[in-house]
Amino acid sequence: MQSMRWDIFCKVIDNHGDLGVCWRLASQLAGLGERVRLWVDAAAALGWMAPSGHDGVEVIDWLDPAALRAAVAQPAPDVLIEGFGCEPAPELIARFAERPGIAWINLEYLSAEPYVERLHRLPSPVFKGPGAGLTKCFFYPGFTTATGGLLREPGLMERRAGFDRASWLAARQIPWQENERLVSLFCYEPPALAGLLARLAESDQPTRLLVTAGRAAQAVQALFADAPLPHGRGALSISYLPYLAQPDFDRLLWACDLNFVRGEDSLVRALWAGAPLVWQIYPQDDDAHHVKLNAWLDWLGAPPSLRLFHHAWNGFGNGALPEPEMQGPWLETARDARARLLAQEDLVTQLRKFIAQKS
């Protein structure tokens, strides 16, 4: 397949989610020989998320007038990716409209709801602005063969299979006893966080909680503000992590017996890890996230205890937070989900085929 020029636009709402997805997409495309420009309105998080950058990916600050002028002066791209329905720079759209046979893709948010299969790949004519007369196409990531699939770079499962947990933990200077369960925490401020910490502290099994930097660490530390306890209590030990580059975040998930994740990017990476996971979905004012979460739990085939845990963790339903499980049905569910996803083509493979068909 002949290489193409791709422009990916990302408007940062949540540094770890929107930018994380767009960077993984850009990196995977570049790794396959494509030429990629990633347009970002706030790229600061790439400093720790991708400190070494990636050959073949050029990052452009679309709020910098000089950078915008220089980028628009270059040849128009073959493909325009509008990340999560953001509005690309009008100057680029005008440049883009000069070329026949272009592909304009609206890469949508991830969901397991039924509408995703109905809308995936549908065209959307543009009636106004510099792109009038062009047609966008919706491209929906998803969990079934009737969707665009999930981001999964080549060789990921081989790297997962060769991962050495003890060596990685030692290299990160994370203290760990082999009788300790390992749990990662990447979250917003879940209503049931205090209940989780209490359950782990009172358990008859020791647990080390690996808390990611940012809002998760702040939420845990806030609970101990009146009685500081930096390293845990009872059966619970706590390690606070620095910001992790994407490859090390993957390894964190591989190392743990249970992963708490949030948003979209980390959910997908936790699914590839194949360990039990709990997802904190991005909250919406009209509680639409309740429907979205339940649709995903239905696809997952979540056992009752895992479904109840998700409801309590996400702040809806009347049930108390159950005991988290790291073996048994939760583990079987995670591994079955991964096996089903591995049987499907990944998102980049499907996206490139779709664009080749349009061309």
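Residues numbered from 1 in each chain as written. Predicted model: local features only at pLDDT ≥ 70, side-chain atom pairs only at ≥ 80, totals over all residues. Heavy atoms only, no water.

Q: Tell me about the packing of aromatic side chains, and name the residues and values.
A: Taken as a whole, this structure holds 18 aromatic pairs when the rule is applied. Ring centres 4.8 Å apart and planes at 40 degrees place the aromatic pair Phe 9 and Trp 62 in the tilted group. Placement of the pair is Phe 9 in strand S1 (residues 5–10) and Trp 62 in the loop between strand S3 (57–61) and helix H3 (65–73), with a sequence separation of 53 residues. Judged by relative accessible area, Phe 9 falls into the buried class, the value being 0%. With a relative accessible area of 11%, Trp 62 lands in the buried category. Here the aromatic residues Phe 260, Phe 309, Trp 313 and Trp 330 are joined through ring pairs into a cluster of three or more. (Phe/Tyr/Trp six-rings, centres within 6.5 Å; stacked < 30°, edge-to-face > 60°. Helix = DSSP H or I, 4+ residues; strand = E, 2+ residues; numbered from the N terminus. Buried < 20%, exposed > 50% of the residue type's maximum accessible area, 1.4 Å probe, protein only.)

Q: Which residues make up the pairing of strand S4 (residues 79–83), and what values go with them?
A: Burial runs high along S4: 5 of the 5 residues are buried. In S4, alternate side chains face the same way, and those of Val 79, Ile 81 and Gly 83 on one face and Leu 80 and Glu 82 on the other are all buried. The pairing of S1 with S4 spans 4 bridges and is parallel. Bridging from a neighbouring strand, Asp 7 pairs with Leu 80 of S4. Of the crossover connections in this fold, the one passing from S4 over helix H4 (residues 90–96) to the parallel strand S5 (residues 103–107) is right-handed. (Pairing = 2+ DSSP bridges. Right-handed = clockwise from strand over helix to strand, strands pointing away.)

Q: Please set out the sheet that holds strand S2 (residues 35–40) residue by residue, giving values where relevant.
A: Taken together, 7 strands build an open sheet; the order of strands is S3-S2-S1-S4-S5-S7-S6 and the sheet is mixed. Looking along the sheet, the strands with just one partner apiece sit at the ends: S3 and strand S6 (123–125). With direction set aside, neighbouring strand axes in the sheet form an average angle of 25 degrees. In terms of strand pairing, S5 meets strand S7 (residues 135–139) through 4 bridges, oriented parallel. Its bridge partner lying in S7, Trp 104 is registered against Lys 136. Packing of helix H1 (residues 18–31) onto the sheet brings it into contact with S1, S2, S3, S4 and S5, and relative to S1 it is tilted by some 170 degrees. The strands touched by helix H15 (residues 347–358) are S1, S4, S5 and S7; relative to S7, the strand with the most contacts, the crossing angle is about 155 degrees. (Axes fitted to C-alpha atoms, helices over the stretch in contact; angles between N-to-C directions. Contact = heavy atoms within 4.5 Å.)

Any link to function would need more than the numbers given here.
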